[in-house]
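Residues per chain are reported as follows:
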Amino acid sequence: SQSLAFHAENISVPPLPPDLEEVPPPHEVVFVGHAIGTQNYVCLPSGSGVAWTLFTPQATLFRRHGQQLTTHFFSPNPDPEDNNTVRAAWQHSRDSSTVWGRVTDMSFDSNFVAAGAIPWLTVEKAGDQEGPAGGDQMTEITFIQRLNTVGGSAPATGCSVATDVGNKAFVPYRADYFFYEDPTQHGRKDGR
């Protein structure tokens, strides 16, 4: 099985903040991607003022030895039950299969999350799509955790008054993304 080859890396998930739940068994990490990119914000009206709003991440994830693994961005989830909701997506760099996720848990715990870093997250799969030639590397993914974040938080300046609306900020960040599968469900779509 292809997944067994991933386990040879002996991936260990770092200790998690108390407010970030562990991914439940039987889900297990099958690979990890080291992201380098930006968190991209736009200044928009918010309440009675303005605030930075994330409009998309833009990152490339690499394996430990530098091979490109996925790209990461926001796009509409094609799952009919999700009504084309724009969600975080990870597209495999070789076969173009894609998984979309919804955030289920996040932590800003300063004992784990560095100053100026975006929160650590647990993301549950919300949809997937095979690549155009039938690639399926991402279709079995069930959960993704974003951990070990560096940078990426919205800037402290540039979005404080109405005339700032429309300003954009592309903030560099790094993170480790841990991808999980349920080994009891391999090759079984929709749990059948």
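Note that this is a predicted model, so its numbers are computed, not measured.

Moving on to the state of the cysteines. In this structure the tally under the stated criterion is one disulfide. Note that C43 is cross-linked by a disulfide to C159, the S-S spacing being 2.1 Å. Its S-S torsion of approximately 75° makes the covalent link between C43 and C159 right-handed. Note that C43 is positioned in strand β1 (residues 28-46) and C159 in the loop between β7 (141-151) and β8 (168-181), a separation of 116 residues in sequence.

The next subject is a nonpolar patch on the surface. A contiguous nonpolar surface patch, about 300 Å² in accessible area, is contributed by V103, M106 and F108. Residue position: F108 is located in the loop between β5 (98-107) and β6 (120-129). A residue is classified by how much of its surface remains accessible, and F108, at 57% relative accessible area, is exposed.

The next point concerns the packing of aromatic side chains. A complete count under the given rule lists five aromatic pairs for this structure. Judged by centre distance (5.9 Å) and plane angle (65°), the ring pair of W90 and Y177 falls under edge-to-face. Linking W90 in strand β4 (residues 86-92) with Y177 in strand β8, this pair joins segments that are 87 residues apart in sequence. Grouping residues by exposure puts W90 and Y177 together as buried. For the ring pair W90 and F179, a centre distance of 6.2 Å and an interplane angle of 90° mean the geometry is edge-to-face. Of this pair, W90 sits in strand β4 while F179 sits in strand β8, and the two are 89 residues apart along the sequence. For the pair W90 and F179, a shared accessibility class is recorded, and that class is buried. Ring pairing ties together the aromatic residues F31, W90, Y177 and F179, which thus form one cluster. Its guanidinium or amino end placed over the ring of F31, R63 lies 5.9 Å from that ring's centre, counting from NZ or CZ. Across the ring face of F55, the terminal group of K168 is positioned such that the distance to the ring centre comes to 5.8 Å.

Calculation criteria
- Residues numbered from 1 in each chain as written.
- Predicted model: local features only at pLDDT ≥ 70, side-chain atom pairs only at ≥ 80, totals over all residues.
- Heavy atoms only, no water.
- Disulfide = S-S within 2.5 Å.
- Helix = DSSP H or I, 4+ residues; strand = E, 2+ residues; numbered from the N terminus.
- Patch = residues over 30% accessible without salt bridge, like charges linked within 9 Å, V, L, I, M, F, W, Y side chains within 5 Å.
- Areas by Shrake-Rupley, 256 points an atom, 1.4 Å probe, with all protein chains shown as cover.
- Salt bridge = Lys/Arg side-chain N within 4 Å of Asp/Glu carboxyl O.
- Buried < 20%, exposed > 50% of the residue type's maximum accessible area, 1.4 Å probe, protein only.
- Phe/Tyr/Trp six-rings, centres within 6.5 Å; stacked < 30°, edge-to-face > 60°.
- Lys NZ or Arg CZ within 6 Å of the ring centre and 35° of its normal.

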